Amino acid sequence: ALPATLGGRAFGDGATEAEMARRFARGWGFRSFELGEEEDGFDRWRGSYPEAVLLAVLPANGAIRFVGPEDEAKPGKGATLIAMCPKDGGDTATR
């Protein structure tokens, strides 16, 4: 069983589990985005999905890294991003 205090820990943009649940209830969903081989892939993704909350990065080498509110994520080429975002937000260029 998970510890009772786990639900109060901040992740992603600092939101608690309760805030993430509210976003989910408003139609947000979890999605993965594969970055290409361009140097500016992450910046382009952020520009296309400004409201997205980055939760984890799976680098090309496969070692997943969860992102916290203090982390400055700058994923490299070929990384896969796991994020929570509005279902109708952004374009399809990096999906």
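Preceding this paragraph is the structure being described.
Now for a look at the structure at hand. From a predicted model like this one, the values you see are computed outputs, not experimental measurements.

**Observations regarding helix H1 (residues 17-25)**
Okay, so step 1: Listed in full, the buried residues belonging to H1 are Glu 19, Met 20 and Arg 23. The buried residues of H1 occupy an angular sector of 100° when the element is viewed end-on, so they sit on one face. Set apart from the buried face of H1 by more than 90 degrees, the exposed residues are Phe 24 and Ala 25.
Okay, so step 2: At its buried positions, H1 is contacted by strand S1 (28-34), strand S2 (53-58) and strand S4 (80-86).
Okay, so step 3: One or two residues past the end of H1 sits Gly 27, with phi positive at roughly 105°.

**Examining a nonpolar patch on the surface**
Okay, so step 1: Together, Leu 58, Ile 64 and Phe 66 line one region of the surface with nonpolar side chains, adding up to about 300 Å² of accessible area.
Okay, so step 2: By secondary structure assignment, the location of Leu 58 is in strand S2.
Okay, so step 3: Leu 58 sits in the partly exposed class, given a relative accessible area of 31%.

**Comments concerning the sheet that holds S2**
Pairing between the strands of a sheet comes from backbone hydrogen bonds, and it takes one of two forms, parallel or antiparallel.
Okay, so step 1: Strand order in the open sheet made by the four strands is S1-S4-S2-S3, with antiparallel pairing throughout. Sheet topology places S1 and strand S3 (65-66) at the edges, where each strand pairs with a single neighbour.
Okay, so step 2: With five bridges connecting them, S2 and S4 associate as antiparallel partners. Counted as the bridge partner of Val 53 is Met 84 from S4.

**Some details on the packing of aromatic side chains**
Aromatic rings considered in pairs are described by the distance between their centres and by the relative angle of their planes.
Okay, so step 1: Within this structure, the stated rule accounts for five aromatic pairs.
Okay, so step 2: Among the aromatic residues, ring-to-ring pairing joins Phe 33, Phe 42, Trp 45 and Tyr 49 into one connected group.
Okay, so step 3: Across from the ring centre of Trp 28, 5.3 Å away, lies the NZ or CZ of Arg 23, which sits over that ring.

**So, the pattern of salt bridges**
Opposite charge on two side chains allows them to pair when their charged atoms are near.
Okay, so step 1: For the coordinates displayed, the defined rule picks out five salt bridges.
Okay, so step 2: Here Glu 39 and Lys 77 are joined by a salt bridge, their closest N and O atoms 2.8 Å apart. Of this pair, Glu 39 sits in the loop between S1 and helix H2 (41-48) while Lys 77 is found in the loop between S3 and S4, placing the two residues 38 residues apart along the sequence.
Okay, so step 3: Glu 39 gets classed as exposed once you look at its relative accessible area, which sits at 68%.
Okay, so step 4: It is possible to trace a salt-bridge network through shared partners that takes in Asp 13, Glu 19, Arg 22, Arg 23 and Arg 26.

**Digging into a negative patch on the surface**
Okay, so step 1: Taken together, the side chains of Glu 34, Glu 37, Glu 38 and Asp 40 present a region of like negative charge at the surface.
Okay, so step 2: Along the chain, the position of Glu 37 falls in the loop between S1 and H2.

Criteria and cut-off values
Residues numbered from 1 in each chain as written. Predicted model: local features only at pLDDT ≥ 70, side-chain atom pairs only at ≥ 80, totals over all residues. Heavy atoms only, no water. Buried < 20%, exposed > 50% of the residue type's maximum accessible area, 1.4 Å probe, protein only. Helix = DSSP H or I, 4+ residues; strand = E, 2+ residues; numbered from the N terminus. Arc of directions from axis to C-beta. Contact = heavy atoms within 4.5 Å. Patch = residues over 30% accessible without salt bridge, like charges linked within 9 Å, V, L, I, M, F, W, Y side chains within 5 Å. Areas by Shrake-Rupley, 256 points an atom, 1.4 Å probe, with all protein chains shown as cover. Salt bridge = Lys/Arg side-chain N within 4 Å of Asp/Glu carboxyl O. Pairing = 2+ DSSP bridges. Phe/Tyr/Trp six-rings, centres within 6.5 Å; stacked < 30°, edge-to-face > 60°. Lys NZ or Arg CZ within 6 Å of the ring centre and 35° of its normal. Lys, Arg positive; Asp, Glu negative; His and termini not counted. Charge placed at Lys NZ, Arg CZ, Asp CG, Glu CD.

Geometric values such as these leave the question of function open.
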